[in-house]
Amino acid sequence: KGGHGKPVHLPFMPIAPAATTVDDVTVPAGYRWDPILRWGDPILPGAPAFDGTHQTPEAQAGQFGYNNDYLDIIETNRSGTEALLVCNHEYTNEGIMFAPGTDPATVIRTAWAAHGMSVVELRRRKRGDVWTYVPGARLNRRITLDTPFTMDGPAAGSELLRTAADPTGLTVRGTMNNCAGGTTPWGTVLSGEENFNQYFRATGTDPKETRYGLSATQDSRNWRSVDPRWDATTADYRNEPNRFGWIVEIDPSDPSSTPVKHTAMGRFKHEGANVIVNRGGHVVAYMGDDERFDYVYRFVSRDTLRPGTSPKARRHNLTLLSEGDLSVARFTGDGLEDGVSDGSGEWIPLTRGGQSMVAGFTLEEVLVYTRLAADAVQPTKMDRPEDVEPNLHNGRIYVACTNNTDRGKVGKEGPTEPNPRPANKDGHVVEMIPTGGDHTADTFGWNLFLICGDEASAGRYFGGWTGPVSPISCPDNVAFDSLGNLWVSTDGQPSAIKVSDGLFKVPVEGPERGHVQQFLAVPSGAETCGPVIRDRDDSVFVAVQHPGEDGSWAAPQSRFPDYVPAGAAPAAGQFAGPRPTVVQVTRA
Ligand code: FEO
Ligand code: CA
Ligand code: CA
Ligand code: CA
């Protein structure tokens, strides 16, 4: 029991950092972990059991995809015994997914089916139990690179979005590189299309391409050998890259619904989007563009949320992200003489009232070439903003800047108050405070809540907390528990501070503000994604992404989670190498 007789949910003693050789999920004493869904587990009716030695595009299209990233568990009944799991599948690691010598076209088509998203029904007997998934359930769905999406908002149908296969510019086949995301109050899931550039061949000479990293040499997967749409050097598919890099919205409650790409929210390397309903009902989405020296964005809906779950309210709310104002953040420091990185900031408008606010750019150009439009208004170049998420308890926004080892390099911008460290290998977390608690205000305050690292690189500055903390580096995804504590998952600790990635709890209020405590560590080579904190159920969920990423088919660097002994034949449905897996952690 905690103070005032309240039960303490998810009590734990912080774990020690895990060595990178620990091929296991490390959890605190008194907890256990169970796999919920693994790459290849059959989801759709008729999908075959996983056979990693003979994977096919047809099998994969009915099975859980690869490299699970964003995760939510959406309860669908009052007793909490039924739920929908919604998950992104960011990318594929062909070198450990396929046996050497596999037909290249089979590899490519299977990879298309392993990208995208999954919706899967879960069941359990009572709260606190471990969930099991229901193969073939009614709402189960796979979204892949073949699923039709509708473009909506001001740039839908634009010439900039038309291709030979889609002369309307209104329908795109598929989504990919879906990284983080967010669940909306109306029950849909938003997902960010991030590093889309890597799948295309482009001319690499046009700034509208190069600003997005599109080049002539990047498409190592050679998808264009199977489908010409991945070759943007041709007149037919010059615009195909413009059809990726969006926030997509899916309705997991309706497997027949057509998912949407929202042009009003701009096109960049979207990490994800998280919304909050402002007083007055406007929906405000916060978004990061995960690239070194890129920006933090905000979208404010034109219309307001209609409360309730009636079909009419729902239909309206499904259009909220279709029209609104897009802006980009400028952080101004008040000087370091006060000993802390903090200051004020403003939201610089890119679109307002359906008009471009950037000289020299049409509305469509602002939305399709958002990075270039933003460059014209001098926002603050950040150290790779990943998750940007409002905390519903205190109304503040937390920005995970994962790292930026280029800061201060020759020819690059040097340290600034909001990004104060040169060669920033460990990252930091910015806390933004909307002026007057109004998420539509033009201004905000900010401070650096966490300056990450181990004691050697970060010292003892953690939101004002000066006691011992768990070392933490490369913050990526953030989540909040029912009390508003921040939880941070990491991607990059093995190289930055030589320990496995993990999940950390950090109070943001009270005397323990800034007290970083490690809850979990992921297996060898993996990044910690998800995370979902259900402290009232004493449950935590993480998506273990890219375990054993640097290994090979013949020499796996991880055997998580099936742990087939080296040299042994995998049992039915198992795999000798690593499998990206959604894991639930519960009290033992
Ligand atoms: Fe896919 Fe920015 O991490
Ligand atoms: Ca200051
Ligand atoms: Ca990420
Ligand atoms: Ca990352």
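Conventions we followed
Residues numbered from 1 in each chain as written. Chains lettered and ligands numbered in written order. Predicted model: local features only at pLDDT ≥ 70, side-chain atom pairs only at ≥ 80, totals over all residues. Pairing = 2+ DSSP bridges. Helix = DSSP H or I, 4+ residues; strand = E, 2+ residues; numbered from the N terminus. Axes fitted to C-alpha atoms, helices over the stretch in contact; angles between N-to-C directions. Buried ≥ 20, exposed ≤ 12 C-beta atoms within 10 Å, placed from the backbone.

The name that an unreviewed UniProt entry assigns to the protein is PhoX family protein, with the source organism given as Nocardioides cavernae.

Details of the sheet that holds strand β12 (residues 260–262)
The mixed open sheet is built from six strands, whose spatial order is β8-β7-β12-β11-β10-β9. At either margin of the open sheet sits one strand with a lone partner, and together these are β8 (171–173) and β9 (178–183). Sheet twist, expressed as the average angle between the axes of neighbouring strands with direction ignored, equals 30°. Note: β9 against strand β10 (residues 189–193), four bridges, orientation antiparallel. When the bridges of β10 are listed, Gly181 appears paired with Ser191.

Describing the pairing of strand β32 (residues 581–587)
A large share of β32 lies buried, amounting to five of its seven residues. Here strand β1 (residues 31–38) runs beside β32; their pairing, made up of seven bridges, is antiparallel. Across the sheet, Arg38 pairs through a bridge with Thr581, a residue of β32. Strand direction decides the pairing type here: strand β31 (residues 539–545) and β32, joined by six bridges, are antiparallel. Within the sheet, the bridge partner assigned to Val542 lies in β32 and is Val583.

A short note on the environment of Ala18
The residue Ala18 is located in the segment before β1 in this model. In this structure Ala18 comes out as buried when scored by C-beta crowding, with 22 C-beta atoms within 10 Å. As for Ala18 and Ala521, which are separated by 503 residues in sequence, their C-alpha atoms are 6.2 Å apart.

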